[in-house]
Structure formats: structure tokens, C-alpha cells
Amino acid sequence: MIQISKAQGWAAGLTAITVAATAAPAMAAPSAADVAMWNRYCNRDGSVRINSAEIPKPNYTNALVKGVVAKLNHLDVSNESDEGAQRTFYFYGDIEKVYGVSSSPTGAKPAGTPADVNAVSAAFLTIACGEFRDNPKMLERKLKWAKDIVVVPEQRQDYDPSKPVWPQVTGPGYRKLLEMSETLYSLRQRELGAAANASHTLDQRVVDGITNCEYRYILKEYLAGDNELEAWGGPESFNAYKRGLAEFEAGDECSQDEKDHYIEFRGDGNFKAQSLESNAFIWNTRVFSKGCETPKKRKNVAGNILTDKDCENYFKAPWQSRYELTKQGALRLFFYPSTPEMERVMKAYQRGSGVLVLITEDLSGDGVADMVVIDRNQAGGRKVLELRAQAEGGNPATSAKLRKEIYGYILKAASEQITLPASYNAAVASLASATITSTDGIKLVTNVDSAWKPEYLSRPDKGLSLVFPDKAKAWDRLATVLDRHTDWYMIDMANLKIGFYQPTYSPWVASSYYIHESDAFTRPGYAMGQPGDGHRHWMYVQKVRKPNWFKAETMKADWPKNIDLLNTWFDETTFSRSGLGASEKAWDRFGSADHTEIEANLWLFESEE
């Protein structure tokens, strides 16, 4: 039950509320087919139930599991044998610990792991079986994705029409593809003319995507063949390309599936079970990995108010749990109150804006996560921003201490503005000895746009077209949401229940639809400004059904429209005011690529830089 009273407002509509603890969301029971699928891969002795929080036991006698082990063993040994190379697998220490595994070459492997299964393979399989136990279709696709990793060789590019596109790519072919991608984008953008530069409006056009069929044509005629595509000069080279593509698409070398899907790319420096998930998905897994000693037992540390049941509920259904928690965060970004003050706050997404927002749990119980707004113009907000800046540059131990201090400020401010559930009392009491000078400038926002209703949660668009029937206002809200992803330096996550604070939060996973824009991310540490190890590592390849790409011209042509908010790929170029949004050529999708959208995984380590 929620009791609402008016509070003196920092922003119009800010409310003070009393919240009661809510039950964990109902989770769908596994089907017989799901149980059988999970048992095949994750229950080698029949002792572990799918709908339990028991640690899985990978079935090393299964042919698919054997294939995963063979591939990951090979890649881990190859990577480790290269002096100076950064590790190409990274599973997060807290997630490893709660699942009882270690990817360290010297770490202990779970009991019953065969001698020929190395630590990385055992850790990947155990975590994958756990994290996707309530989504076996995704589990199976992730296992096939790992088994079929394409080890890109440094050899001449050839073409075989009987084989899929991506397993054929070689080092020279990959490098030529990067050049082709940049040239194609430039030529197509030039062809669009002024319409491609109508920035920040519904009128902006965007370069078309590339289907898997077109990549087959490129592979055959340009990467393996002798054709060249010129970036400058006369139009004949591009015209020849387009004529050849039209003839190829009219032929019989492409399947219908290859013609129906665009291709997206995501470069990465490391590989893990949760690859292709947004950091909000991963941060929510880490909330429980940090707060639970085992999947069934809470960690007994000061300020941790998780219960054993909280741990068990999460690890019985981790996919559905993190999906639900991240959905609540995404809804907060879409349906914040449409007041002048909140519009100012949400559009202040760049470094130096002086405004930080944090996504918290859903304290009000309306199905939308709540938000904390930090304003540096007041003492408490200024202190939090100072601590955050110090934590960014500190060593891990110092950074952890500073993050705890930030959490203390946020929890204290929340407890002053609302009546928290009784389960939070212990966490609030633990702040008694903390030195918190002021909570001014730390404001909790629990209310949503006045036009939004909880019953809209049953709609595919969650109410977006009803709250914003005007297409210009809908464009503005969507652009604000994607700006918060593209330039995510001033949005964080704070789970008040266990004291988890993590900078840079986003419910979106992004991929570039022209491969040259994702290539830099294949170098480990690139996104964090680190020097890398002189190698490319991973390039993930996704396929997107043509109707699932949503861009400004689609909204202009047909709005209001009940789109599938959580299964659509939104175009950053035409739905973002950020300069990065225009340059990254990215599409953003909620949460994670669907199991049907995972196409291939290229390991580029053995090809020349």
C-alpha cells in the first residue's frame, strides 16, 4: 500500500511516500521441454533441479558441452601463450564466487570437473547454466555461440557459396571489410544528401542497413574477388557495386533469412556468459552476487539486509529477475515526470553538467524504478559528486570505500524523504556512525509522468504512444532516453537494499550497423581509455529483422504506434542529440540480444592487428 502526501517540492510533483515491502515478482514455471533442455547441458548426475538455486553441474559428456570445452580451452591457452596479452575471458570475481568457480589458471575447479576441462571452460559453463537456467533457449544458443566461435585465420580470403558468411572470414578479408564498410557508409550518406544531416529532428534520414545477403555479395565479389569500391572519384565504381548487388540478390545464393535480416556488430575485449547483455543486466546480477555468500545464503556483512530467501529467489530465476529489474529502470527513463525541472535534469547528460541521476529499486511499488537526483549546487550533492570523482581515479580498495560512502549519503537522503520498508531499518541504522555532513541536493523521485498508468505495463509499448501521442514529443523523449545511454557518464545505479553502487548505468545494449565503427572496441580496455595489448579480440555479430529497426522516419510516417518497446532496435543516429549518437552508427536494444538474434562470434586475436 502507498500513502502519498505532498512535500515541499524541489521539483513539481515530488512526493513523500510510505512504502510497504512487496513480494518478489511471479516467475513463469519451466515447461517440460525447458527442463529437458537444461538437464541435457547442466545436470550431469540428475541431482540439480532447474527451478532451484542449486549450483548447476555441467554435463561434460554432452556433445555440445564437449564442443564448448574444446573451443574455450584452445582459445584460453592460445591467449595465455602470447606474452603481454590481456585475458580474453572475464567473468567478474563476485559472480564467480557465488557460483563456486574461478577462471584463474591456478584456481580450484568444482568437484567432478574432468581433468581436461580448464578453469575458464568450467567457469563459463557453470555460470551460463546458472544465469540462463530459466531461459534454456538462450542457454542453448550461448553454448552453440561458444562452440562455433570463428577463429579468424591469417590467410588468403576465399569464398564458398555453400557455407555461411561469417565462418569464412579471414584476417585479410576482415581488414578489407573494414575499409569497405567505411566507404559504403560514406557513399550512401553522400547519396542521401542534406536529408542525412537534419540533426535532432524527425526529418533526419539515415543510411540503410546491410543484410546478410549483401555481406555474402561483398565476401564473394570484393573480399575474395578482385573488385574494388572507390570512396572518391566518379560514380562508376559505386554504380557497378549497386548493379552487381541487385543481380546477386535476384539470384539463388542467398537464403530468405539472409535477405530478411540486417547485420549488427559489437566489438569487445573479453567474452563471458553475459556477453551481449546491457550493463544494467550485469549490474543487477552483481547486486545479488555481492550480497549472497551462495545462491541460497546471504552474505553476513554490516549493512546487507538481503535475506536468504532474497538470494534463493534471485538465483532460482536469474534471467527473469534481472530482466524485470532492468525493465523497471528503463521505464523510469521513459516515464519520468514531464516537468520543466525534470526535463532539465534528464537532458543534462554530459560530463560537467553538475547533475547526476541514479536508478534505484522500485520503492513505490508501481512497477517503475525510482530515481535519485544529485545536484552539485547544494552541499550534499556536491559531496557525492566529489566522492564519485575520487572513486574514478582510485585503486580498487579506495574506490570501494568511497562507493560505500556515496551509498551512505543516498540511503540517508532517501530515509529522510520517505518511510522505507521495515526491512531497510538495519541498513539505515548502520549509518549512525557514518560522517554524513548534509543530504541537501540529494533528492528521491518516485512519481512518474501524470499521463502514465500501471495498466500500460501490459501493452507492448508500455504506454509510450499513449503518454506521448504527439510525434515531436515522442521523438524528444526517446532521444533523451538514448542520450542517457550514448553519453552515460552522468547516470549511475544504487541498490539501497544491499548498498551496491555502480557508476555508468544503462538498460540498453548497443551494436553498430557498420562494422568499422565497432572495430576499435575489439581492443581490450578501449572503452575505458586503456592501451590494449596490441591484438584485436572479439567481434560479435547479430542479425536484426528488418521491421525491428526503428528510426525517426518510421516515427514520422506512422505515429502513434504500439511498438514493442523491449524488443525493438532504436536508431541512435536519428534518436540522439549526442555527438556520439551520430558517430557510432549504433542501434540500441533493451537488455540483451534475443537468442534468435545471435548470429556469430569472431575471435580476431590470431589475425594481424
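About the criteria used
Per chain, residue numbering runs from 1 following the sequence as it is written. For this predicted model, a pLDDT threshold of at least 70 governs which residues receive local features, and a threshold of 80 or more governs which side-chain atom pairs are given and counted, while totals over whole chains, interfaces and linings are taken from all residues. The side-chain quantities take in all heavy atoms of the structure and omit both hydrogens and water. For our purposes a nonpolar core is just a set of buried Ala, Val, Leu, Ile, Met, Phe, Trp, Tyr and Cys residues, chained together by side-chain atoms within 4.5 Å. Only protein chains enter the accessibility calculation, which uses a 1.4 Å probe; a residue whose area is less than 20% of its type maximum is buried, one above 50% is exposed, and one in between is partly exposed. Secondary structure is summarised from DSSP: a helix means a run of H or I of at least four residues, a strand means a run of E of at least two, and numbering begins at the N terminus for each. Should any heavy atoms of two residues lie within 4.5 Å, those residues are considered in contact. The pairing criterion is simple: DSSP has to find at least two bridges between the two strands. Fitted lines through C-alpha atoms give the axes, limited to the stretch in contact for helices. The angle between two N-to-C directions lies from 0 to 180 degrees. This arc corresponds to the set of directions leading from the helix axis out to the C-beta atoms. We call a crossing left-handed when the near helix sits turned anticlockwise from the far one by less than a right angle, and right-handed when that turn is clockwise. Under the grouping applied here, Gly and all other residues not named as nonpolar or charged are polar, the nonpolar ones being Ala, Val, Leu, Ile, Met, Phe, Trp, Tyr, Cys and Pro and the charged ones Asp, Glu, Lys and Arg. Any Lys or Arg side-chain nitrogen located within 4 Å of an Asp or Glu carboxyl oxygen qualifies as a salt bridge.

## So, the nonpolar core
Counting residues in hydrophobic clusters, the biggest one holds 106 residues, and the most contacted among them are Phe124, Phe271 and Met555. Counting residues per element, this core draws most heavily on helix H4 (residues 119-131), which supplies eight residues. In this structure Phe271 touches Leu72, Thr88, Phe89, Tyr90, Phe91, Phe124, Trp145, Ala146, Ile149, Trp538, Tyr540 and Asn601, once residues within four positions along its chain are discounted. Formed by 45 residues, the second largest nonpolar core is a distinct cluster that contains Tyr215, Tyr217, Tyr262 and Trp549.

## Things to note about the sheet that holds strand S9 (residues 442-445)
Taking strand neighbours across the sheet as the criterion, the five strands line up as S9-S8-S7-S10-S11 in an open arrangement whose pairing is mixed. Since the sheet does not close on itself, it has two edges, and those belong to S9 and strand S11 (500-502), each with one partner. On average, each strand axis in the sheet is tilted by 25° relative to the strand beside it, whichever way the strands run. Strand direction decides the pairing type here: strand S8 (residues 371-375) and S9, joined by four bridges, are antiparallel. The residue bridging Val373 from the neighbouring strand is Lys443, located in S9. Each of strand S10 (491-495) and S11 touches helix H10 (residues 279-291); the most contacted strand, S11, lies at about 145° to it.

## Structural notes on helix H1 (residues 32-42)
In an α-helix, one turn spans 3.6 residues; hence positions three or four apart end up facing the same way. The set of residues buried in H1 consists of Asp34, Met37, Trp38, Tyr41 and Cys42. For H1, the arc enclosing every buried residue in end-on projection is 100°, short of the 170-degree limit, so these residues lie on one face. Exposed side chains of H1 directed beyond 90 degrees from the buried face belong to Ala32 and Ala33. Contacts made by the buried residues of H1 are with helix H2 (63-80), H4 and helix H5 (136-147).

## Here's the deal with unusual backbone geometry
For the bond from Trp559 to Pro560, the omega torsion is 5°, close enough to zero to count as cis. Inspection of the secondary structure puts Pro560 in the loop between helix H19 (552-557) and strand S15 (569-571). Phi at Lys585 takes a positive value of approximately 50°, unusual for a residue other than glycine. When you line up the elements, Lys585 lands in the loop between helix H20 (579-583) and strand S16 (586-590). In this structure Lys585 comes out as buried when scored by relative accessible area, which is 10%.

## Thoughts on the packing of H1 against H5
Between H1 and H5, the least distance of the axes is 9 Å, while the angle of their chain directions is 35°. The crossing of H1 and H5 is left-handed. Between H1 and H5, the residues in contact are Asp34, Met37, Trp38, Arg40, Tyr41 and Cys42 and Pro136, Lys137, Leu139, Glu140 and Leu143, respectively. When its residues are assigned to classes, the contact of H1 with H5 shows seven nonpolar, no polar and four charged.

## Brief notes about the pairing of strand S7 (residues 355-359)
Burial within S7 is extensive, with five of its five residues counted as buried. Alternating residues of S7 divide into Val355, Val357 and Ile359 and Leu356 and Leu358, and every residue in both groups is buried. Two strands pair when backbone bridges link them, and S7 and S8 are joined in this way by five bridges, in the antiparallel orientation. Its bridge partner lying in S8, Leu358 is registered against Val372.

## Here's the deal with the pattern of salt bridges
Applying the stated rule across the entire model yields 39 salt bridges. Glu54 serves as the salt-bridge partner of Arg49, at 3.2 Å between the closest nitrogen and oxygen. Close ionic contact of Asp558 with Lys561 constitutes a salt bridge, the shortest N to O distance being 4.0 Å. For Lys561, a relative accessible area of 31% corresponds to the partly exposed category. Connected through salt bridges with shared partners, the residues Glu343, Lys347, Asp476, Arg477, Asp483 and Arg577 form a single ionic network.

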